[in-house]
Amino acid sequence: MILLKIQKKLTIMLALALLLTLLPQVCFAESYKASPNRDPASYSSSRPDKLNGNMLVATSAVAVDANTGRILFSKEPNRKIFPASTTKVMTALLALEHLDMDEVVTVSKNCLVGESSVYLAEGEKVTVEDLLYGLMLKSGNDAAVALAEAVAGSVADFAQMMNERAEELGCENTHFETPHGLPNDNHYTTAADYAKVMIAASQHEEFMHIIGTLKYTLHAEKPDGTTREYSITNGNKLLPDAGGEFAYEYMLGGKTGYTDAAQNAFVGISEKDGMRVVTVVFGSLQEDKWRDTKRLAEYAFAVYQPLDLQGICAENEFTVQVQNANDPENAELSLVVNDDAAVAPLVSDAELSEIRSNFSQYTSITYPTGTVTAPVQQGDIVGQLHFNYEGMDEIVLDLSASRTVASVITSMEPTQTARPQSSSGSGVMVITSDVGTGGWSSLYLLVIIPVVLFFILIIWLIVEIRRARAARREAERRRRTEEVNRRRAQRDAAHMQTSPLPRSQRYDQERPRRNPDSRSRNTRPRRGG
């Protein structure tokens, strides 16, 4: 009985301890769920420039200049939120960066994750191109996993690549766990961050073509060799060819997304009169995501215009003092901004007026070597104009020379040398003179001095070679003499061991001597006769 009471008390204490541990996490945990504005303020389509955040149903939204990444309109742009299937824009970006469109992918059983799909089967072979269409038009979760495994080998490794790429793009409040965006508590982004992902993806022509396609037929080769075809339709109702009340003539394409926690999301890109705008709508309602997107795009097109940087530059004069000019009085050079300028950023009327009035405050000029030195040819690029304005990336334009500027050349002035006077046949005295060179041009010296030094070097090399050869010959002669003397000394030493007589007497000792009586003994007596 006592043990049961103790056990109950311990259980209650453990439960209280667990509750105290989890309560702060539950109470203070950051929620990434969407909170749509179900009672938006009145909006007038005739005055899109009056748009404000209360007129949008979306929880968070941005309109961004696709050329510069500058935010043109925002509503809670840095709020962390579930992106749902708009995640697949990042999946498509990595697939385009690491795979070929005609590469064939074999579907694994890991791809069968359910929910929205293009009904891939294990063992089927599908091209990357078809998987991308299935990913972006039908929002196929199975296509997302197939692409992830083709790129990184596994979903976990692919998620790591997604996070690394997001960091490279400057996303500060984004974290991915899956390639498809199915519910995950640690899978979130922001409207401002995801606009950067959409801009990066839009740099690929294949991506823009895919998201702008209304219908497509996907082909998959089954394990038995037969082909399965599956027709899909783009879920983007804003496409001009989609028809219906939401069709928007300036829509180029986009990607939808939905989960209970994320609600409805849409990331799109629109273009009008050369102005390309990315719109991100997170946490809206089913039909309102189309209205929110159109209002954001219309606001950007109504309020902003391309900055005519070339025209403003033409209104301002850029000059530089050329060093080492032949004519110092005419050394000021006008600089021309090249026509092949970078894409024009979008600015409002007020910003355009500010830039025109204070253009010099937002520009600076740099030269590769710090200065411009003659000679300079007309059209040469001599420097760069740097334009920096709030919220924009730096724009750099080349500056070229408007005319040719010659460099200083030391002239060869003639000098007269008097010669003996002579008289002509008419008796008139004539003074003749020789015209000599009064000085050398620096150009001549630059040519002559190296040539003279070259010949001096050749002569020195020849002398050194001959000296080396003579030294070798002398060394060889000394070596031979020493060798002869050494051999002679060895021979003398050998003889001294056998005969200690001097060398002058040694020869007589070594010669065989005749017996003086031998002749008389060997000579027979002559007979008389």
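See the structure above.
Okay, so let's go over this structure. (Residues numbered from 1 in each chain as written. Predicted model: local features only at pLDDT ≥ 70, side-chain atom pairs only at ≥ 80, totals over all residues. Heavy atoms only, no water.)

### Let's talk about the packing of aromatic side chains
In this description, a pair of aromatic rings is defined by centroid distance and the angle of the planes. Enumeration over the complete set of coordinates arrives at 14 aromatic pairs. Between Phe-73 and Tyr-299, the aromatic rings sit 5.1 Å apart at their centres with planes inclined by 65°, giving edge-to-face as the arrangement. Residue Phe-73 is found in strand E2 (residues 71–75), and its partner Tyr-299 is found in helix H8 (residues 288–303); the two are separated by 226 residues along the sequence. Residue classification places Phe-73 among the buried residues on the basis of a relative accessible area of 8%. (Phe/Tyr/Trp six-rings, centres within 6.5 Å; stacked < 30°, edge-to-face > 60°. Helix = DSSP H or I, 4+ residues; strand = E, 2+ residues; numbered from the N terminus. Buried < 20%, exposed > 50% of the residue type's maximum accessible area, 1.4 Å probe, protein only.)

### Observations concerning empty space enclosed by the protein
Evaluation of the coordinates by the stated rule reveals 1 cavity of 30 Å³ or more. By volume, the largest cavity is sized at about 30 Å³. Lining of the largest cavity is provided by Met-136, Leu-137, Asn-234, Gly-235, Asn-236, Gly-254, Lys-255 and Thr-256. The class makeup of the residues in the lining of the largest cavity is 2 nonpolar, 5 polar and 1 charged. (1 Å grid on protein atoms, 1.4 Å probe; cavity = no way out; pocket = protein on both sides within 12 Å on 5 of 7 lines; lining within 4 Å. Points joined across faces, edges and corners; volume = space filled by probe spheres on them. Nonpolar A, V, L, I, M, F, W, Y, C, P; charged D, E, K, R; others polar.)

### Side note on a positive patch on the surface
On the surface, a cluster of positive charge is made up of Arg-466, Arg-469, Arg-472 and Arg-473. In this fold, Arg-466 is placed in helix H11 (residues 442–498). (Patch = residues over 30% accessible without salt bridge, like charges linked within 9 Å, V, L, I, M, F, W, Y side chains within 5 Å. Areas by Shrake-Rupley, 256 points an atom, 1.4 Å probe, with all protein chains shown as cover. Salt bridge = Lys/Arg side-chain N within 4 Å of Asp/Glu carboxyl O. Lys, Arg positive; Asp, Glu negative; His and termini not counted. Charge placed at Lys NZ, Arg CZ, Asp CG, Glu CD.)

### Re the nonpolar core
Residues Met-90, Leu-132, Met-136 and Phe-207 are the most contacted members of the largest nonpolar core, which totals 61 residues. Considering every element that reaches this core, the biggest residue donor is helix H6 (residues 191–202), with 8 residues. Of all hydrophobic cores here, the second largest spans 31 residues; its members include Leu-307, Ala-331, Ala-374 and Val-376. (Core = buried A, V, L, I, M, F, W, Y, C linked by side-chain atoms within 4.5 Å.)

### Let's talk about helix H10 (residues 349–357)
Of all the residues in H10, the buried ones are Glu-351, Leu-352 and Ile-355. Buried positions in H10, seen along its axis, are confined to an arc of 100° and lie on one side of it. The exposed residues of H10 that point more than 90 degrees off its buried face are Asp-349, Ala-350 and Ser-357. Of the surrounding secondary structure, the elements contacted by the buried residues of H10 are strand E10 (304–306), helix H9 (309–315), strand E13 (346–348) and strand E15 (381–387). (Arc of directions from axis to C-beta. Contact = heavy atoms within 4.5 Å.)

### A few points about the side chain of Asp-288
Mapped onto the elements of the fold, Asp-288 is located in helix H8. Residue Asp-288 is classed as buried on the basis of its relative accessible area of 18%. Here Arg-291 takes part through its side chain, which lies 3.1 Å from a polar atom of the side chain of Asp-288. (Polar contact = N/O pair within 3.5 Å; in protein donor to acceptor, adjacent residues only side chain to side chain.)

### What about the packing of helix H2 (residues 88–98) against helix H4 (residues 141–152)?
At a closest axis distance of 10 Å, the pairing of H2 and H4 adopts a crossing angle of 35°. Here H2 and H4 pass one another in a crossing that is left-handed. Across from Lys-88, Thr-91, Leu-94, Ala-95 and His-98 in H2, the residues of H4 making contact are Asn-141, Ala-144, Leu-147 and Val-151. Class assignment of the residues belonging to the contact of H2 with H4 gives a composition of 5 nonpolar, 3 polar and 1 charged. (Axes fitted to C-alpha atoms, helices over the stretch in contact; angles between N-to-C directions. Left-handed = near helix turned anticlockwise from the far one by under 90°.)

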